[in-house]
Amino acid sequence: MMLSTHFAVLCSLVSLVASAAVEPRASGLKLHTIATQKGKLYFGTATDNPELTNTAYTAILNDKTMFGQITAGNSMKWDATEPSRGVFTFTNGDVIANLAKKNGQLLRGHNCVWHQQLPSWVASGTFTKADLLSVVQNHCGTLVGHYKGQVSPSLTWSSSEIMNDDGTLRQDVFSKTTGTDFIATAFRAARAADPNAKLYANDFNIEGPGAKSTAYQNLVKTLKSEGVPIDGIGMQAHFIVGALPANIQQNIQAFVNLGVEVAITELDIRMTLPATSALLAQQQKDYQTVIAACNAVKGCVGVTVWDFTDKFSWVPGTFAGQGAACPWDENLQEKPAFTGIVNGFGA
Ligand code: G3I
């Protein structure tokens, strides 16, 4: 008994010494405060309803100096909000919206139209073009209208992932039935429902120059020329350690030059496990590169990580053998990636 007690004490001492020698585990630095000092609107994170029972997690999440903005990871999506046609349920989404309000955090609405997490009545439904456009209009209008004015200064709503990597239109229920018309319908319905909400198109693999980024720049030009309201481009930024696209800053600037703002909306940088110190050091550099790119462009308004802790990251569930993508580890300790974010802001 005595022996095991001493052993336990010794282990704690060793781990304290080891962590002190490697990296400050809770630096006292606050990412939202730093981002706003650099002229950004926010530094934010995604979160999800099941996580909110973890008090160590919420202690960090609810600190508005750390996160000035939150996004619902799942609970405002179509399957959660309109599971049957015309039947809307906002219970879980409201929990996230009310949390943002209570904490004094901005809220990003996520999302109006996406090809995933659709209820089967949409994904497998048979619609005429007019019928599906009316379904999109009713969904976006009701969803955005429900959250109108709930958070100051404005909600940001995104449509999501409408293009393939080669810049062609993704073939899903919306495009197969309506061509590109669902895009304008969604944006117009959202603008009518909440004129103060910023409206974004949001996608991955558009962070660096290439066919998909060019296609989105063309989409911005087309929508603007047709009078369709679009305010911003969301670059998701789900990256792999050591494999960032080149010229992120220039690519952000290219969008800003078209008259839209840009946000990094879902940042995480995954690695093949186990997380070695070399991989964590490269991840620190990669986080710094992404943040520095946004920091350097005035029209890049903010950065959101796709949850802040490896404990709740979507990565291991989707990419077998990969993970450790977030700036906090599974024990809610700041990783070298956290320092990379601070350094990226030049703080
Ligand atoms: O709600 C069910 C639960 O009832 C069930 O027991 C459980 C069993 O697996 O699944 C739960 O649903 C999961 C859902 O998250 C809620 O936790 C789904 O399986 C799971 O696939 C889903 O993953 C989400 C994923 O989108 C879906 O593609 C992730 O949490 C979410 O972080 C992720 O987020 C997306 C963005 O919205 C858009 N951009 C890409 C990003 C990463 O995929």
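Values in this document were obtained by computation on a predicted structure and should not be read as measured data.

1. Some points on helix H12 (residues 277-296)
Between its first and last C-alpha, H12 extends 28 Å over 20 residues, near the 28 Å set by a 1.5 Å rise per residue. Buried within H12 we find Leu280, Gln283, Gln284, Asp286, Tyr287, Val290, Ile291, Ala293 and Cys294. Of the surrounding secondary structure, the elements contacted by the buried residues of H12 are strand S1 (42-47), strand S7 (238-240), helix H11 (248-256), strand S8 (261-272), strand S9 (300-305) and helix H14 (336-344).

2. Some words on the pairing of S1
Residues in a regular strand project their side chains so that they alternate between the two faces of the sheet. Extensive coverage of S1 is indicated by the burial of 6 of its 6 residues. Here S1 shows no split at all, with Tyr42, Gly44 and Ala46 on one side and Phe43, Thr45 and Thr47 on the other all buried. When S1 meets S9, the two strands line up parallel, connected through 4 bridges. Of the residues in S9, the one forming a bridge with Gly44 is Thr304.

3. A word on the UniProt feature "active site" (unreviewed entry) in the protein chain
With numbering matched to this structure, UniProt assigns "active site" (unreviewed entry) to Glu266. Locating Glu266 in the fold gives a position in strand S8. By relative accessible area, which is 5% here, Glu266 ends up buried. If near-sequence neighbours (up to four positions away) are discounted, Glu266 is found in contact with His110, Asn202, Met235, Gln236, Ala237, His238, Thr304 and Trp306.

4. Focus on the site of the ligand
Around the ligand, the structure places Asn74, Lys77, His110, Trp114, Gln116, Gln117, Glu161, Gln236, His238, Glu266, Trp306 and Trp314. Contacts to the ligand include Asn74, whose side-chain N or O atom sits 2.9 Å from an oxygen atom. Residue Glu161 places a side-chain N or O atom 3.0 Å away from a nitrogen atom belonging to the ligand. Taking 790 Å² as the accessible area of the ligand by itself, protein coverage stands at 46%. Looking at side-chain class alone, the shell around the ligand contains 3 nonpolar, 6 polar and 3 charged residues.

5. Remarks on the layout of surface pockets
Of the volumes computed, that of the largest pocket is approximately 620 Å³. Around the largest pocket, the lining comprises 33 residues; the ones closest to its centre are Gln236, His238, Glu266, Trp306 and Trp314. For the lining of the largest pocket, the elements supplying multiple residues, two or more each, are S1, S7 and S8. Here the lining of the largest pocket takes 3 residues from S7, the largest share from any one element. For the lining of the largest pocket, the residue count by class is 11 nonpolar, 14 polar and 8 charged.

6. Side note on the nonpolar core
Ranked by internal contacts, the top residues of the largest apolar core, which has 89 residues, are Phe43, Phe174, Ile233, Ile264 and Leu267. A total of 8 residues in this core trace back to one element, the largest contributor, which is helix H9 (residues 181-193). Excluding anything up to four places from it in sequence, Ile264 contacts Met235, Gln236, Ala237, Ile252, Val290, Cys294, Cys300, Gly302, Val303 and Thr304. In terms of nonpolar packing, the next biggest core, distinct from the first, is built from 5 residues, Tyr42, Leu106, Ala263 and Val301 among them.

Conventions used here
Residues numbered from 1 in each chain as written. Predicted model: local features only at pLDDT ≥ 70, side-chain atom pairs only at ≥ 80, totals over all residues. Heavy atoms only, no water. Helix = DSSP H or I, 4+ residues; strand = E, 2+ residues; numbered from the N terminus. Expected span 1.5 Å × (residues − 1). Buried < 20%, exposed > 50% of the residue type's maximum accessible area, 1.4 Å probe, protein only. Contact = heavy atoms within 4.5 Å. Pairing = 2+ DSSP bridges. UniProt positions renumbered as here; feature names shortened; annotations may be inferred. Near = heavy atom within 4 Å. Polar contact = N/O pair within 3.5 Å; in protein donor to acceptor, adjacent residues only side chain to side chain. Areas by Shrake-Rupley, 256 points an atom, 1.4 Å probe, with all protein chains shown as cover. Nonpolar A, V, L, I, M, F, W, Y, C, P; charged D, E, K, R; others polar. 1 Å grid on protein atoms, 1.4 Å probe; cavity = no way out; pocket = protein on both sides within 12 Å on 5 of 7 lines; lining within 4 Å. Points joined across faces, edges and corners; volume = space filled by probe spheres on them. Core = buried A, V, L, I, M, F, W, Y, C linked by side-chain atoms within 4.5 Å.

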